[in-house]
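# A look at the structure
Each chain, written out:
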Amino acid sequence: MLSFFRASLSLVPAVLILVLAPFTKVHAGDSLRVLTTEKSADSLQQISQYAQLNSAPVTSVNQLSDVQLTDWAFQALQSLIERYSCIAGYPDGEFKGNRAITRFEFATALNACLDTVNQRIDADIRQMVNKEDLAALQKLQEEFATELATLRGRVDVLEAHTEQLEQQQFSTTTKLNSQVIFAATDAFGNASPSRNGDQSNLAFSSRARINFDTSFTGKDRLRIRFQASNVVNPTTPGNEARLSFQSGSDTNNNVFLSKLEYRFSIGDKVSFLLGTGFNTYFDDADVINPLQSDADATISRFGRYSQIFRLGGDTGIGVTFKPNGNLKAEMFYLAGNTNNSGSGLFNGKYGALAQIVFYPNQKDTDTKIAFTYVNAYNNNGLGHNTGSLASNLGGRKVSSNSYGIETNVKVSNGFQLGGCLAYTNARALTGEVKGDADIWSWAVTLAFPDFGKKGNLGGIIVGMQPKLTGSSGELSGLPRRDPDTGFHIEGFYRYQINDNISITPGLIWLTAPNHNEQNGDIFVGVVRTTFKI
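To keep things clear, this report deals only with the structure shown in the data block. These figures come from a predicted structure and were not determined experimentally.

## Observations concerning the environment of Gly 404
- With respect to the helices and strands, Gly 404 occurs in strand 10 (residues 397-412).
- Judged by its relative accessible area of 10%, Gly 404 falls in the buried class.
- For the pair Gly 404 and Thr 424, spaced 20 residues apart in sequence, the C-alpha to C-alpha distance is 8.7 Å.
- Aside from chain neighbours lying at most four places away, what touches Gly 404 is Ile 308, Ala 370, Phe 371, Thr 372, Leu 421 and Ala 422.

If you want it as structure tokens, here you go:
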């Protein structure tokens, strides 16, 4: 936060940069001395660089074209600049004297000369400033006393705020940010696992996350995340009613390390990610969905991204290569149970993803299309945990090859259209019995950024959650295919109360849950409130 505040201060006009301390009156023949505190100089040292940035030193007042030659102050300033080379001008070489701020800018320039003279006195006592220059400086200080006092007051306020931030900051290298979700959820219709009508009651749940983000070089990030949650998904015949903000299996608000990752770049084109924790999925890649956020966008897990981004493990590495503004390539390898010597990084659950992302217009990063491939192995079904029960092939060792296409188009500033199509060819391995299965899913997304006011977001998602469309006869315990086709229809609206608080009501309509028309339609209502600090 302190770095952000200092960066903001650097935008304050050069007016506030150099006038940092009270002045003593100077009399001819006396040594000139500007009284500053070491703390003042240190606190605003970074701000002072603004006046020098991208500007060439001015060696003659004639280069400051807006200063009038007839002004008496011009003559004095000209003498000081040419004697002591004490002012660096603006990048356009103008002093901008035709604006109301001219006297303040002039006062700032005067203070620069005062500093230069003081430095000469400190460097070599024998190089004293002559009496004429001391007298000119005294006269200029008296003429601009009002401006100097005003600027001095403004800088005092900035210094006080800076000191307060320094005392309250968490760390100079680590930023602490947190997120808390409170949600009221209820399901209606045939919300039961066995077609027994509505067996769901209104539930109130929460999830809290704390992230410690550390940067060692300014271009990297180490994230340590702790989480506590008690979110429970509504009970339905299949996996279609899973909530986006349900994360992990714990429902008792136990605090534990849920994500540990390190991101860094090599040059401008290559970046790496090393990560572990159950919050680590392929969604660290580009899932091409503006509605993917589980905290303040879609309310369903299915609405976040294609099923194939949830295949694989939770520990591994990702590489992103972006040779130009039109192309990006991503490769990830994530393994599970890596702490078990019996499986490790390469002999157990894993997923390997390769993805190519195209940007038709370099200036429009929201419009893109991606082609994705995932090769995965899991010892307990596919593991995407959405769609029908049959499509997950639960209880089996499964190897799979998945193919996906994802796209999003920015139609206007207030409307984006996107979607995804995914196919998985899975082979179930149970002892000597093998069988193949085909799983499909698709979705269309409509995003309405800043709908109603800046920061708001409207979203509509229509699609088919993962469905088993065919399988070989060896897959005992599973139907050859899901009997029917159910659809997922979702709408939500995020209302941004302020920068830290948003409220998102949403509704999910599931037809033929578990892809079986014998199951009645289910409606899931959610009101989610998100706090970010």
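## Some remarks on the nonpolar core
- Counting residues in hydrophobic clusters, the biggest one holds 22 residues, and the most contacted among them are Phe 282, Phe 309, Val 374, Leu 382 and Leu 393.
- When residues of this core are traced back to their parent elements, those giving at least two are strand 7 (327-335), strand 9 (368-378), strand 11 (415-430) and strand 12 (433-449).
- Not counting chain neighbours up to four residues away, the residues in contact with Leu 393 comprise Gly 381, Leu 382, Val 398, Ala 426, Ala 437 and Leu 478.
- Ranked by size, the runner-up nonpolar core spans 21 residues in total, among them Leu 243, Ile 461, Leu 510 and Ile 522.

## Here's the deal with empty space enclosed by the protein
- Tallied over the full model, the rule gives four cavities of 30 Å³ or more.
- Its volume calculated, the largest cavity comes out at about 100 Å³.
- Forming the walls of the largest cavity are 13 residues, and the residues nearest its centre are Asn 289, Tyr 305, Ser 306, Cys 420 and Thr 445.
- At the level of elements, strand 11 and strand 12 are the ones that each hand at least two residues to the lining of the largest cavity.
- A breakdown of the residues in the lining of the largest cavity according to their chemical character gives seven nonpolar, five polar and one charged.
- Estimated volume of the second largest cavity: approximately 60 Å³.
- Of the residues that constitute the lining of the second largest cavity, the class distribution is four nonpolar, four polar and two charged.

## Points about the packing of aromatic side chains
- In the structure shown here, the tally under the stated rule is 18 aromatic pairs.
- For the ring pair Trp 509 and Phe 523, a centre distance of 5.7 Å and an interplane angle of 15 degrees mean the geometry is stacked. Of this pair, Trp 509 sits in strand 15 (residues 501-510) while Phe 523 sits in strand 16 (residues 522-532), and the two are 14 residues apart along the sequence.
- Residue Trp 509 is classed as partly exposed on the basis of its relative accessible area, which comes to 33%.
- One aromatic cluster is present, formed by Phe 216, Tyr 262, Phe 264 and Phe 272 through successive ring pairs.

## Focus: the environment of Leu 291
- Mapped onto the elements, Leu 291 comes out in the loop between strand 5 (270-276) and strand 6 (315-324).
- It is 7.0 Å that separates the C-alpha atoms of Leu 291 and Gly 459, two residues lying 168 residues apart in sequence.
- Setting aside anything within four residues of it in sequence, one finds Leu 291 in contact with Ala 297, Thr 298, Gly 303, Thr 445, Leu 446, Ala 447, Leu 457, Gly 458, Gly 459, Ile 460, Ile 461 and Phe 492.

## Quick word on unusual backbone geometry
- A positive phi angle, close to 60 degrees, is found at Ile 288, a residue other than glycine.
- Here Ile 288 lies in the loop between strand 5 and strand 6.
- Located in the positive-phi region is Asn 514, a residue other than glycine, with phi close to 60 degrees.
- In this structure, Asn 514 sits in the loop between strand 15 and strand 16.
- Judged by its relative accessible area of 17%, Asn 514 is buried.

## A closer look at the pattern of salt bridges
- Applying the stated criterion across every chain yields a total of 14 salt bridges.
- We note a salt bridge from Asp 286 to Lys 328, for which the minimum N-O separation is 3.0 Å. With Asp 286 in the loop between strand 5 and strand 6 and Lys 328 in strand 7, this pair connects stretches of sequence that are 42 residues apart.
- Judged by its relative accessible area of 11%, Asp 286 falls in the buried class.
- By relative accessible area, Lys 328 is classed as buried at 11%.

## A look at the pairing of strand 15
- Only one face of strand 15 is covered, namely the one carrying Ser 502, Thr 504, Gly 506, Ile 508 and Leu 510; the face carrying Ile 501, Ile 503, Pro 505, Leu 507 and Trp 509 has none of its residues buried.
- Here strand 14 (residues 488-496) runs beside strand 15; their pairing, made up of seven bridges, is antiparallel. Looking at strand 15, one finds that His 488 is bridged to Leu 510.
- Here strand 14 folds back onto strand 15 in antiparallel fashion, the turn holding four residues.
- Here strand 15 runs beside strand 16; their pairing, made up of ten bridges, is antiparallel. Its bridge partner being in strand 16, Leu 510 is matched across the sheet by Ile 522.

What counts as what
- Residues numbered from 1 in each chain as written.
- Predicted model: local features only at pLDDT ≥ 70, side-chain atom pairs only at ≥ 80, totals over all residues.
- Heavy atoms only, no water.
- Helix = DSSP H or I, 4+ residues; strand = E, 2+ residues; numbered from the N terminus.
- Buried < 20%, exposed > 50% of the residue type's maximum accessible area, 1.4 Å probe, protein only.
- Contact = heavy atoms within 4.5 Å.
- Core = buried A, V, L, I, M, F, W, Y, C linked by side-chain atoms within 4.5 Å.
- 1 Å grid on protein atoms, 1.4 Å probe; cavity = no way out; pocket = protein on both sides within 12 Å on 5 of 7 lines; lining within 4 Å.
- Points joined across faces, edges and corners; volume = space filled by probe spheres on them.
- Nonpolar A, V, L, I, M, F, W, Y, C, P; charged D, E, K, R; others polar.
- Phe/Tyr/Trp six-rings, centres within 6.5 Å; stacked < 30°, edge-to-face > 60°.
- Salt bridge = Lys/Arg side-chain N within 4 Å of Asp/Glu carboxyl O.
- Pairing = 2+ DSSP bridges.

Shape descriptors only; they carry no functional weight alone.
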